[in-house]
Amino acid sequence: MEANKSLGKRLTWTWSPESEREAGDSIVRNLLLHWLPAKIGQQSLSFRYSLWLGTVSAILFLILTVTGVVLMFLYVPSVERAYPSVKDLEYVVSYGWFIRGLHRIAAHLMVAAVFLHMVRAFLTGSYKNGTAAGQERPFNWLLGIALLLMTLLLSFTGYLLPWDQLAYWAITVGTNIARAAPLAGEKIRFLLLGGNEIAQSTLLRFYVLHCFVLPGVVLLLFSWHMWRVRKDGGLACVDQLSLTQKHEQTAPKKSKTYSLLGIARGSAVHVETALVNEEEHSVDSSPQLTRRLLMVFLATLAISVLLAVVVRAPLEAQANPSVTPNPAKAPWYFLWLQELVTDTTVKIGDFTINGALIGGILLPAILVILLAVWPYLDRSTIRAAGVWFSLERRTQNWVFLAIVAGILLLTVIGTFLRGPYWKFYWPWEAWPEMPKKF
């Protein structure tokens, strides 16, 4: 019995260390924990600061990976067999409906979580450098923008795979918006579709992008993003603590390696400038951080499972290019673009302003560019870094929130208030009866 207990302790001690020395050793000896810092600031563990949205996004990506691998064994990427294979998942394969539903819900939640994570990072000024040397938080902000775009593409490419009417016409709307890009619009659409229409080549391209290319890019960007968080000294809220504390220069010990295998030069920012009383404001990552990670993982998984059970994944009739649904809508996260295209299409006499170009290409491109350069235009002091709704950044935050509110409003209008022929209907107004097509 004692031998079994000893074996169990050897297998699990890194997750529940009994001393400070074991807590430090657990990070070094456990492969899964090795990417965590040995100690972490208490403020970084707070749910109120980061809302743990970055962790939630990573967990959802893990759920998508696991369920996606299972679905790959059952899905056939061909226009003849794609729809029947998905239909078998829904009605023949044991718990196939649940796996597909969990994959779909996790995809939608990941889009929302990554978007909210970026909103949180902006409102707290987390893209601003602090007091420590060598920080590159503006660059990490750019990595976050790239992750958001890749997440949208990942969800968009997966939207077509069921090969039903909902998927087919959503992709049709989305790629038609891309066609409006000046000079390269037609080429971009042709590259996405693998031709001039949605067919076998389109399905195969979307399948490869969705299952192999884009997940690899997301994983690479996520790893780079997390590495930069470590190199920048942790979350931006830690810099606020450093502003109120005394600092002293610390000479690196000759017997300690601060870089990878002693080959790469440089060191982490907390090595060059340290708090005198740093130990009072930090705790061991194991078990303090690991327990919170487990809590967030279980909560995210539970919510995803519950939604997958309650909200069944839709499956309409098989894709039919000759039968156009009325209205035909883009995926929900692109509905604000579709609505923007409508609102910017203005007819003046015989001249029509191209809404697809203005609302579908130019305005979104301006928003992305503005997001990318904003950290370099922000002139607020370092006291605004890592602070929710800092008074120094009040105008910036209000402008940003107005843009976010506009996007959400357009999404709601496109989702609930646009009916046949894309006409506007109030919630209390009935939609006209449309003739059925066979």
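Here is a short report on the structure shown in this document. (Residues numbered from 1 in each chain as written. Predicted model: local features only at pLDDT ≥ 70, side-chain atom pairs only at ≥ 80, totals over all residues. Heavy atoms only, no water.)

**A short note on the environment of Ile-171**
- With respect to the helices and strands, the residue Ile-171 is situated in helix α8 (residues 165-179).
- Spatially, the C-alpha atom of Ile-171 lies 8.5 Å from that of Thr-157, the residues being 14 residues apart in sequence.
- With residues up to four places along the chain from it excluded, the contact list for Ile-171 reads Phe-156, Tyr-159, Leu-160, Ile-198 and Phe-206. (Helix = DSSP H or I, 4+ residues; strand = E, 2+ residues; numbered from the N terminus. Contact = heavy atoms within 4.5 Å.)

**A few points about helix α15 (residues 355-377)**
- Maximal helix bending in α15 amounts to about 30 degrees, located at Leu-371; proline Pro-375 follows within four positions.
- When α15 is considered as a whole, its buried residues turn out to be Gly-355, Ala-356, Gly-359, Gly-360, Ile-361, Pro-364, Leu-371, Trp-374 and Pro-375. (Bend = angle between axes of the 7 residues up to and from the residue. Buried < 20%, exposed > 50% of the residue type's maximum accessible area, 1.4 Å probe, protein only.)

**Overview of the packing of aromatic side chains**
- For the structure on display, the rule yields 19 aromatic pairs.
- Ring centres of Phe-156 and Phe-334 lie 5.6 Å apart, and the angle between their planes is 65 degrees; on these two criteria the pair is classed as edge-to-face. Placement of Phe-156 in helix α7 (residues 137-159) and of Phe-334 in the loop between α13 (285-310) and α14 (335-343) is noted, with a sequence separation of 178 residues between them.
- Phe-334 gets classed as buried once you look at its relative accessible area, which sits at 17%.
- Judged by centre distance (6.2 Å) and plane angle (45 degrees), the ring pair of Tyr-425 and Trp-431 falls under tilted.
- In this structure Tyr-425 comes out as buried when scored by relative accessible area, which is 13%.
- Its guanidinium or amino end placed over the ring of Tyr-49, Arg-120 lies 5.1 Å from that ring's centre, counting from NZ or CZ.
- Arg-393 extends its terminal NZ or CZ atom over the ring of Phe-122, reaching a point 5.0 Å from the ring centre. (Phe/Tyr/Trp six-rings, centres within 6.5 Å; stacked < 30°, edge-to-face > 60°. Lys NZ or Arg CZ within 6 Å of the ring centre and 35° of its normal.)

**A closer look at a nonpolar patch on the surface**
- Residues Ile-369, Leu-370, Val-373, Leu-377, Val-399 and Ile-403 make up a contiguous nonpolar surface patch of roughly 460 Å² in combined accessible area.
- Of the residues forming the nonpolar patch, the biggest block, four residues, is contributed by α15.
- Tracing the chain through its elements places Leu-377 in helix α15. (Patch = residues over 30% accessible without salt bridge, like charges linked within 9 Å, V, L, I, M, F, W, Y side chains within 5 Å. Areas by Shrake-Rupley, 256 points an atom, 1.4 Å probe, with all protein chains shown as cover. Salt bridge = Lys/Arg side-chain N within 4 Å of Asp/Glu carboxyl O.)

**Describing the nonpolar core**
- Among the nonpolar cores identified, the biggest contains 43 residues, and Leu-60, Met-110, Phe-122, Trp-141, Val-218 and Phe-400 are the most heavily contacted of them.
- Those elements giving two or more residues to this core turn out to be α4 (53-74), α6 (96-123), α7, α10 (200-231), α13, α15 and α16 (394-417).
- Among the elements that line this core, the one with the most residues is α6, at twelve residues.
- Apart from the residues within four sequence positions on either side, Phe-122 is in contact with Tyr-127, Trp-141, Trp-374, Arg-393, Gln-396, Asn-397 and Phe-400. (Core = buried A, V, L, I, M, F, W, Y, C linked by side-chain atoms within 4.5 Å.)

**Side note on α10**
- Between its terminal C-alpha atoms α10 stretches 45 Å, which fits the 46 Å expected from 32 residues at 1.5 Å a residue.
- Roughly 45 degrees is the biggest bend found in α10, and it falls at Leu-209.
- Buried residues of α10: Thr-202, Leu-203, Phe-206, Tyr-207, His-210, Cys-211, Leu-214, Pro-215, Val-218, Leu-221, His-225 and Arg-228, and no others.
- The inward-facing, buried residues of α10 abut α4, α5 (82-91), α6, α7, α8 and α9 (185-193).
- Immediately beyond the C-terminal end of α10, within one or two residues, lies Gly-233, with a positive phi of roughly 90 degrees. (Expected span 1.5 Å × (residues − 1).)

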